[in-house]
Amino acid sequence: MLEAFSIAFTGDEKYVVKIKESYSVCTDIGELAESLAEHGPKALGRFSIKLGRPVRSMLAQRVETFEELEERIPGKKAAEEKYDGERVQIHKNGEEVKAFSRRLEDITAQYPDVVEAVRKGILAEKIVLDGEIVAYVEGRKADDSTGEFYSFQRLMKRRRKYEVQKYAEICPVAVFFFDILYLEGNSLLKKSYPERRAILEKYVKESEILRLARRIVTDNLEEIEDFFNEALEKKLEGIIIKSMDRNSIYEAGKRSWLWLKWKEEYASGMRETFDLAIVGKYYGRGKRKGSFGSLLCAILNEEEQRFETFTKVGTGFTEEDAKEIDSLLSEHIISEVPKNVLIKSRMLPDIFVEPSLVIEVLGSEITESPSHTAGQGKGNTGLALRFPRFLRIRHDKGLYDITTLTEVRNLKEGRGI
Ligand SMILES: Nc1ncnc2c1ncn2[C@@H]1O[C@H](COP(=O)(O)OP(=O)(O)OP(=O)(O)O)[C@@H](O)[C@H]1O
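Residues numbered from 1 in each chain as written. Predicted model: local features only at pLDDT ≥ 70, side-chain atom pairs only at ≥ 80, totals over all residues. Heavy atoms only, no water.

Within an unreviewed UniProt entry, the label attached to the chain reads ATP-dependent DNA ligase, and the organism entered is Methanosarcina barkeri MS. Under Sequence similarities (unreviewed entry), UniProt gives the following word-for-word description of the chain: "Belongs to the ATP-dependent DNA ligase family." (UniProt positions renumbered as here; feature names shortened; annotations may be inferred.)

*Asks:* Please provide a residue-by-residue account of the pattern of salt bridges, values included.
*Replies:* Taken as a whole and judged by the stated rule, the model has 36 salt bridges. We note a salt bridge from Lys234 to Glu81, for which the minimum N-O separation is 2.6 Å. Within this pair, whereas Lys234 is found in the loop between helix 9 (221-233) and strand 11 (238-243), its partner Glu81 is found in strand 2 (residues 77-82), the two being separated by 153 residues in sequence. Judged by its relative accessible area of 4%, Glu81 falls in the buried class. The residue Asp326 makes a salt bridge to Lys281 at a minimum N-O spacing of 2.8 Å. In this pair, Asp326 sits in helix 10 (residues 319-329) while Lys281 sits in strand 13 (residues 272-282), placing the two residues 45 residues apart along the sequence. (Salt bridge = Lys/Arg side-chain N within 4 Å of Asp/Glu carboxyl O. Helix = DSSP H or I, 4+ residues; strand = E, 2+ residues; numbered from the N terminus. Buried < 20%, exposed > 50% of the residue type's maximum accessible area, 1.4 Å probe, protein only.)

*Asks:* Explain the environment of Tyr182 to me, using residue names and the numbers behind them.
*Replies:* Note that Tyr182 resides in strand 7 (residues 173-183). When its relative accessible area of 9% is taken as the criterion, Tyr182 is described as buried. Residues Tyr182 and Phe9, spaced 173 residues apart in sequence, show a C-alpha to C-alpha distance of 29 Å. In this structure, Tyr182 is in contact with Ile49, Leu51, Lys126, Ile127, Val128, Ser187 and Leu188, ignoring residues within four places of it in sequence. A polar contact is formed between the side chain of Tyr182 and the backbone nitrogen of Gly185, at a distance of 3.5 Å. (Contact = heavy atoms within 4.5 Å. Polar contact = N/O pair within 3.5 Å; in protein donor to acceptor, adjacent residues only side chain to side chain.)

*Asks:* Outline the site of the ligand, supporting the account with residue identities and numerical values.
*Replies:* In the vicinity of the ligand lie 17 residues, with Lys82, Arg102, Glu132, Arg255 and Lys261 positioned nearest. In this structure, a nitrogen atom belonging to the ligand sits 2.9 Å away from a side-chain N or O atom of Glu80. Between the ligand and Lys263 there is a distance of 2.9 Å, counted from an oxygen atom to a side-chain nitrogen or oxygen. Protein coverage of the free-state accessible area of the ligand, which is 600 Å², stands at 82%. Put simply, the parts of the chain that give the shell around the ligand at least two residues each are strand 1 (59-62), strand 2, strand 11 and strand 12 (255-263). Looking at the shell around the ligand element by element, the count peaks at 4 residues for strand 12. For the shell around the ligand, the class distribution of residues is 6 nonpolar, no polar and 11 charged. (Near = heavy atom within 4 Å. Areas by Shrake-Rupley, 256 points an atom, 1.4 Å probe, with all protein chains shown as cover. Nonpolar A, V, L, I, M, F, W, Y, C, P; charged D, E, K, R; others polar.)

*Asks:* Pulling in residues and values, what's your account of the packing of helix 2 (residues 16-25) against helix 3 (residues 29-39)?
*Replies:* Where helix 2 contacts helix 3, the two axes come as close as 10 Å, and the packing angle between them is 135 degrees. As far as their axial angle goes, helix 3 and helix 2 are oblique. As for how helix 2 packs across helix 3, the hand of that crossing is right-handed. Along the contact surface, helix 2 presents Ile19, Ser22 and Tyr23, while helix 3 presents Ile29, Leu32 and Leu36. When grouped by side-chain class, the residues that make up the contact of helix 2 with helix 3 number 5 nonpolar, 1 polar and no charged. (Axes fitted to C-alpha atoms, helices over the stretch in contact; angles between N-to-C directions. Parallel < 35°, antiparallel > 145°, perpendicular 65-115°, else oblique. Left-handed = near helix turned anticlockwise from the far one by under 90°.)

*Asks:* Account for the domain arrangement of the chain, with residues named and values stated.
*Replies:* With domains assigned, the chain is organised as domain 1 (2-43), domain 2 (59-267) and domain 3 (272-412). One C-alpha centre belongs to domain 1, the other to domain 3; they are set 59 Å apart. (Domains from an automatic or database assignment.)

*Asks:* If you had to explain helix 9 to someone new, which residues and values would you point to?
*Replies:* Over its 13 residues, helix 9 extends 18 Å from the first C-alpha to the last, a length consistent with the 18 Å expected when each residue adds 1.5 Å. Lys235 sits one or two positions beyond helix 9 and adopts a positive phi of about 70 degrees. (Expected span 1.5 Å × (residues − 1).)

*Asks:* Explain the packing of aromatic side chains to me, using residue names and the numbers behind them.
*Replies:* Applying the stated criterion across every chain yields a total of 17 aromatic pairs. Aromatic pair Phe317 and Phe390: ring centres 4.6 Å apart, planes at 25 degrees, arrangement stacked. Taken together, the positions of Phe317 in the loop between strand 15 (306-313) and helix 10 and Phe390 in strand 22 (residues 389-393) put the pair 73 residues apart, joining distant regions of the chain. Each member of the pair, Phe317 together with Phe390, is buried. Aromatic ring contacts, followed pair by pair, group Phe66, Phe228, Trp262 and Phe387 into a single cluster. Residue placement shows Arg72 over the ring face of Trp257; its charged tip is 3.7 Å from the ring centre. Sitting over the ring of Trp259, Lys242 keeps its end group 3.9 Å from the ring centre. (Phe/Tyr/Trp six-rings, centres within 6.5 Å; stacked < 30°, edge-to-face > 60°. Lys NZ or Arg CZ within 6 Å of the ring centre and 35° of its normal.)

*Asks:* Any details on the sheet that holds strand 2? Residues and values, ideally.
*Replies:* Pairing within the open sheet is mixed, and its 5 strands lie in the order 1-12-11-2-10. Only two strands of the sheet have a single neighbouring strand rather than two, namely strand 1 and strand 10 (215-218). Each strand axis lies, on average, 35 degrees off the axis of its neighbour in the sheet, ignoring direction. Sheet topology note: the strand 2/strand 10 ladder contains 4 bridges and is antiparallel. Pairing of Lys77 across the sheet is with Thr218, part of strand 10. Taken strand by strand, helix 9 contacts strand 2, strand 10, strand 11 and strand 12, and its axis lies near 145 degrees from that of strand 11. (Pairing = 2+ DSSP bridges.)

Structure (structure tokens):
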């Protein structure tokens, strides 16, 4: 249809791309046609976001490797949690609130709880917000202040015309806002992502239902890896990396390289298990305070007869695992780095543990890392295991039965263990 518009209203095919761009902002096809009929190509580029008329969503590109995140968006970037629910664009005009789906359908009636929360907790008269609605229950467990995410399938129970109120109770939701597109008469589409996020934070009064997408801003890929692992631990499926560049505008209707997605399934090139010795423990920090935290784990360097750190494991533990590990480790806590262990100063754990307990860990990539000491040469980089996940305690394995440096090197070079 948009192609036909190009010929019909401009007499030339060459305007198709521009017409498509205009449609991303002016999704009312009648209005688009009228304007083109009246002004011809001059109408293009004049469209702006309008209250009550959703723009097409900006989408993220996928990358093939974790390093590609750095290649595509070098330096400082934001990593946001990626919520698996329904994309929603919320338009608030005073008391009137409308919610639109990614397919631009009006889904307001399905979410009376969200509408009510927006009326109360969004501190602007006229505003357009972009986010994801998820099946979510706040602070379910006593020790879990961040709440619990449920599957997309569960959210789909809310897709109904009848008994909406009943299902609002059966399936509570939260909206995680990650963008703002319009404020009090002004389009924000051309503002940079850091500017938009700062404005967004001012206008969302967080509550059980209204949340801001959790994120970190960093230029350190390892921190992003930790953030990704934490996201998986919360049963999220990944993260979205966002450019902080001056030109990081909101590209309506585009699958943009300014946003990259990284999901659990992309990381599973290799699925190999490793038996590792625990040599330290970190406490849960920030929102994970009070949680189990993570374990610093080592492989055996057979030649040097010492344990060299290889990874930090923070996911995959059940509550029982955590309790058992804590109680087993309590007998091996010491006040300094154990003699037969090599740890980089940047990785010093909160608690040092004499190597004794062996755990089995699933991992999906071996990379060079300045943080770990496994096989570290003169260049000061060691080998590290990416995306580790705890599987079980190996009571049956002794310290000298664990994965060795030779095995890790073989695996890295594709020779297998
Ligand atoms: N923090 C976030 N920032 C941007 N998008 C997010 C965020 N959290 C969740 N999303 C959602 O993630 C979607 C992209 O993830 P995914 O690849 O799983 O979805 P898809 O429908 O298969 O692909 P796509 O939406 O990219 O076409 C976005 O369209 C958006 O709805």
